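# Coordinate inspection notes
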Amino acid sequence: MLEITEVSRAGWRIVSAKGRAGVQETETLEKALEAAAATGEKVALDLSALEYISSAGLRSLLSGARAAQTHQVEFVVCSPVPGVRKVFEISGIGSLVKIQEGLPC
Amino acid sequence: MLSMLEEVVLLAVDEKTGKLRSTRPVGTGFAMAGAVFFDLALGKRIDTELEKVLLVSNQPTGVPVQDNVLSEMAKHPELDTVRAWIKALAEHSEYFESAALASLIARGVLRHEISTRLWIIEVERLAVADNKQQLNVKARLAQTILTDTIPDARDIMLVSVAEASGLLEYVLSRSQLESRRDRVVMLCGLETISREVGDAIVMLNDEIRTFVARMH
């Protein structure tokens with residue numbers, strides 16, 4: 001189960017993901033990130049309430065980063081919890097996507 | 001659209017000789033197993049974690065190779081790691097290869113030719129009947145490796161399978177590959193399936209080296 005909430009603030013579209021990002025949730029996450037990138041605002045994906053991410057979830061995140069690249073907007077992943085951070089570290093996804101602690105605004 | 005398995009087998013077809021080629025035959029079996037797993041992941045039949053593979057749905061895909069693997073996975077729930085399945089599936093690489101070739105011939109991408117040499121010796125070869133697909137695979141590999149853009153998930157998978165099969169050397173020059181080695185390594189590390197394929201190849205190479213050292 002994945003719950004998405006969005007808010008615009010100071011030129012950023014903040015997409016907050018809560019719950020799990022597995023194969024069942026990929027479409028929800030991809031659509032939310034693509035729609036956020038299409039607004040033309042910079043996109044921050046807040047993962048502070050995301051408990052789990054699988055390989056399919058990682059692909060959705062990359063898909064969102066690709067959408068931001070297409071729309072030429074900045075994309076940043078914020079505050080992953082330790083379990084999700086470990087997946088990021090082992091996969092090396094930080095080479096393609098900026099990951100930071102805390103929101104940009 | 002071709003499957004990942006079909007794309008990598010097509011890439012292996014040498015247009016000049018009509019034979020399948022590889023600079024890393026040891027890795028090819030694991031790479032083909034990885035390709036089938038990627039096809040199942042793209043079809044949302046499986047998902048993977050850092051080590052484990054999850055059978056999400058065993059609803060048939062309509063592709064016999066993939067459906068046979070799904071059926072085996074449903075029969076063996078005790079095998080729950082990507083590594084265990086890659087090793088098990090690699091033993092069926094000849095089946096994967098021949099199924100992919102048959103499908104590529106049926107699609108009109110490849111043509112099976114038999115010619116006669118010295119009047120009596122029959123020589124079999126694979127001819128590329130429609131080179132658009134092979135060129136497309138090569139172009140996507142080159143684009144994914146030579147640029148710093150965020151690639152499509154499918155192209156990340158393709159790079160890792162082509163690398164494990166030793167096929168990148170037929171797409172890019174040695175100097176191009178050397179200059180982009182870090183990028184290839186990074187792309188091959190992104191997916192659990194490709195990390196496990198890479199580890200399985202390293203382990204097999206170690207076993208071969210140990211065996212050869214004992215022989216001497």
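Residues numbered from 1 in each chain as written. Chains lettered and ligands numbered in written order. Predicted model: local features only at pLDDT ≥ 70, side-chain atom pairs only at ≥ 80, totals over all residues.

## Remarks on the overall build of chain B
Secondary structure assignment for chain B yields 10 helices and 4 strands. Its C-alpha atoms give chain B a radius of gyration of 18 Å, near enough to 17 Å, the size a compact globule of 216 residues would have. For chain B, long-range pairs separated by at least 24 residues make up 69% of all intrachain contacts whose partners lie at least 6 apart in sequence. (Helix = DSSP H or I, 4+ residues; strand = E, 2+ residues; numbered from the N terminus. Rg over C-alpha atoms; globule rule 2.2 N^0.38 Å. Contact = placed C-beta atoms within 7 Å.)

## What about the confidence of the model for chain B?
Mean pLDDT over chain B stands at 93; residues scoring 70 or higher make up 98%. Model confidence for the complex: the whole-complex pTM is 0.94, and ipTM, which rates the interface, is 0.95. (pLDDT = per-residue confidence, 0-100.)

## Notes on the packing of helix H1 (residues 4-12) of chain B against helix H7 (residues 153-164) of chain B
All names here are of chain B. Across the interface, H1 lies against H7 with an axial gap of 10 Å and an inter-helix angle of 45 degrees. Of the possible angle classes, the one that applies to H1 and H7 is oblique. As H1 packs across H7, the resulting crossing turns out to be right-handed. Mapping the contact onto sequence places Met4, Glu7, Val8 and Leu11 in H1 and Met157, Leu158, Val161 and Ala162 in H7. (Axes fitted to C-alpha atoms, helices over the stretch in contact; angles between N-to-C directions. Parallel < 35°, antiparallel > 145°, perpendicular 65-115°, else oblique. Left-handed = near helix turned anticlockwise from the far one by under 90°.)

## Notes on helix H2 (residues 25-42) of chain B
All names here are of chain B. Helix length check: H2, at 18 residues, gives a terminal C-alpha distance of 26 Å against a target of 26 Å (1.5 Å per residue), a fit within 8%. H2 sits mainly inside the fold: 15 of its 18 residues count as buried. Of the residues trailing H2, Lys44 is marked for its positive phi of about 60 degrees. (Expected span 1.5 Å × (residues − 1). Buried ≥ 20, exposed ≤ 12 C-beta atoms within 10 Å, placed from the backbone.)

## Description of the sheet that holds strand E1 (residues 2-9) of chain A
Consider a sheet: its strands pair through backbone hydrogen bonds, and that pairing is either parallel or antiparallel. All names here are of chain A. An order of E1-E2-E3-E4-E5 is seen for the 5 strands of this open sheet, with the pairing classed as mixed. Only two strands of the sheet have a single neighbouring strand rather than two, namely E1 and strand E5 (98-100). Strand after strand, the sheet turns through a mean of 25 degrees between neighbouring axes, direction not considered. Pairing analysis gives 9 bridges linking strand E2 (residues 12-21) to strand E3 (residues 42-53), with the strands arranged parallel. Looking at E3, one finds that Ala21 is bridged to Ile53. (Pairing = 2+ DSSP bridges.)

## Quick word on the interface of chain B and chain A
Quoted interface sizes are often the accessible area lost when the parts come together. The interface is formed by 16 residues belonging to chain B together with 18 residues belonging to chain A. Elements with a contribution of two residues or more to the side of chain B that touches chain A: strand E1 (46-48) and helix H9 (181-189) of chain B. Of the residues contributing to the side of chain B that touches chain A, the split by class is 7 nonpolar, 4 polar and 5 charged. (Nonpolar A, V, L, I, M, F, W, Y, C, P; charged D, E, K, R; others polar.)

## With respect to helix H4 (residues 82-90) of chain B
All names here are of chain B. Where H4 is concerned, the buried positions are Val82, Arg83, Trp85, Ile86, Leu89 and Ala90. When H4 is viewed along its axis, its buried side chains cluster within an angular range of 165 degrees and face the same direction. Residues of H4 that are buried sit in contact with H2, E1, strand E2 (53-55), helix H3 (64-75), helix H5 (93-106) and helix H10 (192-215). (Arc of directions from axis to C-beta.)

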